[in-house]
Amino acid sequence: MLPYAGLLEARALDEIELLVVHCTELPDLRTAREYGERIVYPDSGTGNSGHYYVDRDGRVELWVPENRVAHHVRGYNHHSIGVELVNRGRFPDWFHSKRQDMSEPYTAAQIDALLQLSLALSGRLPALRFVAGHEELDASVVPASDDESLSVRRKLDPGPRFPWQRFLSACRLTRLPREVPPG
């Protein structure tokens, strides 16, 4: 667990209806942990983190209990579970206009572990029925780090290498309809 997990807002498990798939956009799980432990909300003493992290070898770690609201996606946190897949993404130049490719493939072990986790969550969380990628829920843009006259997407994860078709055919969840507003 993250040191501040107990400070995060509590919620009932029957309020969770959405699984959000992320990638860390960091080189490894250790670095992701360092980012997750950072306090970015001084008033509450908490930071940004998913609930679960899936390393490249398929190992799954719980960092925030399901009955706590983790800060992982703007506007959807209260009704969702965040799962972070360890993947370099655009690291270390997240917002460089010429480095927006997310070229690292996800490992078979990661996808298998994510599928098993999603099935287990579906069994435990009675309202869980939707899944979305972070990029679908946060389409905001920011100035490019190399040229402020250009804009780049703030979030691109899990990105084009995520095997949505395989995942959706094996899990019990459906894609979040576009018209569903943040909960």
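Residues numbered from 1 in each chain as written. Predicted model: local features only at pLDDT ≥ 70, side-chain atom pairs only at ≥ 80, totals over all residues. Heavy atoms only, no water.

Student: Quick rundown of the sheet that holds strand S4 (residues 80-85)? Include the residues and the values.
Tutor: The mixed open sheet is built from six strands, whose spatial order is S3-S2-S4-S1-S5-S8. Strands with a single pairing partner mark the edges of an open sheet, and in this sheet they are strand S3 (60-62) and strand S8 (174-175). Looking at chain direction, strand S1 (residues 18-23) and strand S5 (residues 130-133) are connected through four bridges and run parallel. Bridging across to S5, Val20 finds its partner in Ala132. (Pairing = 2+ DSSP bridges. Helix = DSSP H or I, 4+ residues; strand = E, 2+ residues; numbered from the N terminus.)

Student: Go over the state of the cysteines, please, and point to the residues and values.
Tutor: Considering all chains together, one arrives at zero disulfides under this definition. Here Cys23 stays unpaired: no disulfide links it, and the sulfur of Cys171, its closest cysteine neighbor, is 18 Å away. Assessed through its relative accessible area of 4%, Cys23 is described here as buried. (Disulfide = S-S within 2.5 Å. Buried < 20%, exposed > 50% of the residue type's maximum accessible area, 1.4 Å probe, protein only.)

Student: Please set out the pattern of salt bridges residue by residue, giving values where relevant.
Tutor: For the coordinates displayed, the defined rule picks out 12 salt bridges. Of the charged contacts in the structure, one is a salt bridge between Arg99 and Asp93, with a shortest N-O distance of 3.2 Å. One salt bridge connects Arg154 with Asp138, and the closest N-O pair in it is separated by 2.6 Å. Residue Arg154 is found in the loop between strand S7 (151-153) and helix H4 (164-170), and its partner Asp138 is found in the loop between helix H3 (134-137) and strand S6 (141-143); the two are separated by 16 residues along the sequence. Here the salt bridges share partners, and the residues they tie into one network are Asp55, Arg59 and Glu61. (Salt bridge = Lys/Arg side-chain N within 4 Å of Asp/Glu carboxyl O.)

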